Structure formats: structure tokens, C-alpha cells
Amino acid sequence: MPVDSILRGLKRFQKRVFPKHRELFHKLALQQRPTALFITCADSRIDPCLLTQTKPGELFLCRVIGNIVPRYPESIGGVSATIEYAVGVLGVPDVIVCGHTDCGVMKGVLNPEALKPLANVSAWLEHAQPAREALAKPDSDLNNPEFLLALTERNVVEQLKNLHTHPSVAARLDQGNLKLHGWVYHIGKGIVTTYSSRRERFIRIRTIKPRKTKPGKRNPGPAIKRAKT
Ligand SMILES: [Zn+2]
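Being a predicted model, the structure only gives us computed values, none of them experimental. (Residues numbered from 1 in each chain as written. Predicted model: local features only at pLDDT ≥ 70, side-chain atom pairs only at ≥ 80, totals over all residues. Heavy atoms only, no water.)

**Q** Break down the environment of Arg 199 for me, citing the residues and quoting the values.
**A** Checked against the element boundaries, Arg 199 lands in the loop between strand E5 (191–196) and strand E6 (201–204). Each C-alpha atom, one on Arg 199 and one on Thr 165, is 23 Å from the other, the two residues being 34 residues apart in sequence. (Helix = DSSP H or I, 4+ residues; strand = E, 2+ residues; numbered from the N terminus.)

If you want it as C-alpha cells, here you go:
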């Protein structure tokens with residue numbers, strides 16, 4: 001049964017990972033103070049904590065197909081409630097909207113006919129139409145992979161704009177203590193690009209080179225590894 005591998009993972013977590021990080025989990029049992037709200041697609045290939053090497057308790061996650069943030073108050077629901085709680089109650093200092101390459105939702109935006117039998121998905125895709133309308137010209141080749149990437153990027157920019165319509169976000173932006181970030185994760189390359197409003201395009205995030213450790217000192221690395229421990 002496919003679920004067996006999931007249960008084996010749970011067993012491994014309880015037997016090896018949890019005892020090793022017992023103190024962290026005991027602290028987390030009482031409170032959370034996440035450093036960011038991370039809004040990304042529900043796509044199984046995205047693992048935000050693996051990608052950012054964050055520990056439990058660091059990212060407040062909102063996963064929804066197409067990493068779409070409907071404009072407020074047009075579609076009050078799970079996404080708007082998650083944003084309000086993270087920004088208004090938990091007071092996260094950063095919000096990251098992360099799109100990704102080969103997104104099925106973005107492909108659906110380019111070919112909505114194929115998804116017509118799916119009433120909920122089709123309705124949800126409407127929130128991504130402004131991205132398509134901003135890019136598509138009569139001579140655009142919608143099947144071009146470059147167009148798909150451009151749409152993916154534009155969709156992230158549109159969702160950042162939509163975030164501004166949420167009262168909790170607008171209030172924190174006015175106070176100057178909230179930052180919004182637009183990312184695109186390139187799955188096959190392991191790289192992330194971020195939207196530069198100054199340059200009006202996505203640029204690669206250059207990660208800092210690790211410092212050379214002194215002889216005898218070991219870099220402890222992330223606290224919790226996803227690999228078998
Ligand atoms: Zn996706």
C-alpha cells in the first residue's frame with residue numbers, strides 16, 4: 001500500500017528524529033513565533049522547509065494551488081484567514097509568495113478548456129487571469145516554455161499586489177514593519193529567483209558563500225535533516 005511508506009516515515013520520525021530534538025518540540029508545544037508567512041503552491045514537488053532549511057516553527061505555511069491570493073474581500077476563505085492570522089496575530093515580519101516552474105495551474109490558465117469539467121479549479125483559476133491578460137498578445141505563443149515561465153513570474157507579482165488589498169497586510173505595511181517578497185522556485189535547477197521592483201524583473205537569489213571553518217570546528221548544519229537519520 002502506498003500509505004505504508006508514509007507510516008514507515010512516521011515510525012522513523014518517532015524513533016529517531018523526535019528524541020534527538022525533544023527540547024525543540026517541547027518548546028514548540030507551548031508556542032510558535034514563525035519568521036515568515038510562506039504562501040506557495042500545493043504541488044508535491046515543493047518542500048518549503050527543505051528549500052529554506054528551516055526548522056519546525058519557523059515558517060507559517062499557506063499552501064494553495066497556483067499560490068494564489070484572492071483580492072480582499074472578493075473571496076474570503078482559507079487563504080484570507082491564514083494571511084490575517086499570520087500577519088495580524090502572529091506578527092510575522094515577512095511574507096513570501098513562491099511560485100514554481102512546471103506549475104499545472106499556470107498551464108491551466110493557458111488552456112482553461114481542459115479544466116472546464118472541474119468547476120472549483122476553473123473558478124479558482126480566474127484569480128490568475130490578470131497575469132495572463134497582462135502578458136498575452138495576439139501573436140503570443142502560449143505553448144512556448146518561456147511564456148509559461150513569464151506567466152508564472154507575472155502571477156507571483158499579481159498575487160503580491162493582491163496582498164496589499166488585505167486590511168491586516170495594508171496596516172502593517174503602513175507601519176513599515178512588514179516586507180513582501182515574490183519568489184519563483186526552479187525545481188530542476190534548485191535555484192530561486194526573486195522579484196526586484198526596482199528592476200521590474202526576477203533576479204536570482206545569490207546565497208552567501210559559507211565561511212571557511214577553522215580547523216577542528218565543524219559546521220553544525222541544519223538542526224533537522226530530512227534524510228534518514
Ligand atoms: Zn503549482
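**Q** Pulling in residues and values, what's your account of the pattern of salt bridges?
**A** Inspection of the entire model under this criterion finds 8 salt bridges. Among the ionic pairs, Lys 55 bridges to Glu 58, the shortest N-O distance being 3.2 Å. Relative accessible area serves as the criterion here: at 29%, Lys 55 is assigned to the partly exposed category. One salt bridge connects Arg 71 with Glu 74, and the closest N-O pair in it is separated by 3.6 Å. (Salt bridge = Lys/Arg side-chain N within 4 Å of Asp/Glu carboxyl O. Buried < 20%, exposed > 50% of the residue type's maximum accessible area, 1.4 Å probe, protein only.)

**Q** Break down helix H1 (residues 2–20) for me, citing the residues and quoting the values.
**A** Spanning 19 residues, H1 covers 27 Å between terminal C-alpha atoms, matching the ideal 27 Å at 1.5 Å per step. Maximal helix bending in H1 amounts to about 40°, located at Phe 13. (Expected span 1.5 Å × (residues − 1). Bend = angle between axes of the 7 residues up to and from the residue.)

**Q** For the nonpolar core, give the residues involved together with the corresponding values.
**A** One finds Leu 37, Ile 39, Ile 83, Val 87, Val 95, Met 106 and Leu 163 to be the most contacted residues of the largest nonpolar core, which totals 46 residues. Broken down by element, the residue count for this core peaks at 7 residues, all from helix H8 (residues 145–163). Excluding its chain neighbours within four sequence positions, the residues that come into contact with Leu 163 are Ile 39, Val 69, Ile 83, Val 95, Val 97, Val 169 and Leu 180. (Core = buried A, V, L, I, M, F, W, Y, C linked by side-chain atoms within 4.5 Å. Contact = heavy atoms within 4.5 Å.)

**Q** How would you summarise the packing of helix H4 (residues 78–89) against helix H9 (residues 167–175) if you had to cite specific residues and measurements?
**A** Contact geometry of H4 with H9 gives a least axis separation of 8 Å together with a crossing angle of 30°. In terms of orientation, H4 and H9 fall into the roughly parallel class. H9 is crossed by H4, and the crossing has left-handed handedness. Facing H4, whose interface residues are Ile 83, Glu 84, Val 87 and Gly 88, H9 presents Ser 168, Val 169 and Arg 172. Looking at the contact of H4 with H9 residue by residue, the class counts come to 3 nonpolar, 2 polar and 2 charged. (Axes fitted to C-alpha atoms, helices over the stretch in contact; angles between N-to-C directions. Parallel < 35°, antiparallel > 145°, perpendicular 65-115°, else oblique. Left-handed = near helix turned anticlockwise from the far one by under 90°. Nonpolar A, V, L, I, M, F, W, Y, C, P; charged D, E, K, R; others polar.)

Geometry only, nothing functional implied.
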